[in-house]
Amino acid sequence: MALSIPRDTRKRYQGDGFYLSPPIIPVDIIDRKTVSMDEVMAGSYETGMAPRRAWNPGDDTKKIRKLDQTHLSNHAIYELASHPEIGRWAATLMNADRIQLWASQMLYKPPGGMVTGSVGWHQDKQYWENLLDGELFTAWVAVSNVTEDSGPLKFVLGSHRWGFLQSGDFFGHDHEAQKKNISVPEGEKWEEVTAVLPPGAVSFHDCNTYHASGPNISLVPRRSFAFHLRTEKSWPVKGCNDYYLQHLDDPHYCPILYER
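The text that follows walks through the structure, step by step, so that each part is easy to find. Keep in mind it's a predicted model, so treat the numbers as computed, not measured.

**Here's the deal with the nonpolar core**
In terms of nonpolar packing, the biggest core is built from 36 residues, with Ile-86, Phe-204, Phe-227 and Leu-229 touching the most fellow members. Listing elements by their share of this core, those giving two or more residues are α2 (27–31), α3 (33–42), α4 (75–81), α5 (84–94), β4 (98–109), β6 (132–142), β9 (201–206) and β11 (222–236). Among the elements that take part in this core, α5 stands out by supplying 6 residues, more than any other. Not counting residues within four places of it along the chain, the set of residues in contact with Ile-86 comprises Ile-24, Ile-25, Leu-80, Ala-139, Val-141, Phe-204, Phe-227, Leu-229 and Leu-257. The next biggest cluster of nonpolar side chains, apart from the first, holds 14 residues, and it includes Ile-64, Phe-170, Leu-197 and Ala-226.

Have a look at this one:
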């Protein structure tokens, strides 16, 4: 049975730039993802379609492993990426008539506490500015239990109001040095919130919200997916013919998660 969505959900998202949900994905669906993630990382693609890989077998095992578009490589991952509960909660947060998945990332943070498993401070918009504009955001789904020790996401409270600052780096490891290069607007402050999440919970964040994560010092991998979403109030950047934009009208590549 689907959980009821609290009345203040949208207000909190608008004020903070992110929202942490309770577990909204059924446990049986989450449980199947560990095997699916390992298969895809190892190069076994159930559908025959390879993901866009930033990590390959034989690369540094202490680095964070990021593979894009894995929902096209494995049926169980596709089931998660297109789950209607993600769409329903996202539509409430955004007050949207339509929620579409336009890109996905599979993220595996190895245990051991190495700094190479960290994610640097960044705004997602840095990587999307030449692709799409308008209402863009991310649903980050916890597959493993995301604890204080496992390198959870950290959000800067209210930083979505700062606009697009074009400063940061996903693959950066020195968080303190990065923070010195990010110009906090006058009257604003840098206040971090840690996103500790149980399996099946989702953190939603705006494309301008600053976020990062530290090393995983626990004994088990931190597993998650980042699903990049858009509402009907978004549009492709004129003149861009990027891979992701070529498939926006294909419901297999870019499924509709919610439509009013």
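**With respect to the sheet that holds strand β7 (residues 153–156)**
With antiparallel pairing, 4 strands are arranged side by side in an open sheet as β5-β10-β7-β8. Of all strands in the sheet, those with a lone pairing partner are β5 (119–122) and β8 (192–195), marking the two edges. Going across the sheet, the axis of each strand differs from the next one's by a mean of 25°, ignoring polarity. Two strands pair when backbone bridges link them, and β7 and strand β10 (residues 211–213) are joined in this way by 3 bridges, in the antiparallel orientation. Within β10, the position partnered with Phe-155 by the bridge is His-211.

**A short note on the environment of Ser-144**
When you line up the elements, Ser-144 lands in the loop between β6 and β7. In this structure the C-alpha to C-alpha distance between Ser-144 and Tyr-108, which are 36 residues apart in sequence, comes to 9.9 Å. Discounting chain neighbours no more than four positions away, the residues touching Ser-144 are Leu-197, Pro-198, Pro-199, Pro-221, Arg-222 and Arg-223. A polar contact of 2.8 Å, which involves the side chain of Ser-144, links it to the backbone nitrogen of Arg-223.

Thresholds, definitions, all that
- Residues numbered from 1 in each chain as written.
- Predicted model: local features only at pLDDT ≥ 70, side-chain atom pairs only at ≥ 80, totals over all residues.
- Heavy atoms only, no water.
- Core = buried A, V, L, I, M, F, W, Y, C linked by side-chain atoms within 4.5 Å.
- Buried < 20%, exposed > 50% of the residue type's maximum accessible area, 1.4 Å probe, protein only.
- Helix = DSSP H or I, 4+ residues; strand = E, 2+ residues; numbered from the N terminus.
- Contact = heavy atoms within 4.5 Å.
- Pairing = 2+ DSSP bridges.
- Axes fitted to C-alpha atoms, helices over the stretch in contact; angles between N-to-C directions.
- Polar contact = N/O pair within 3.5 Å; in protein donor to acceptor, adjacent residues only side chain to side chain.

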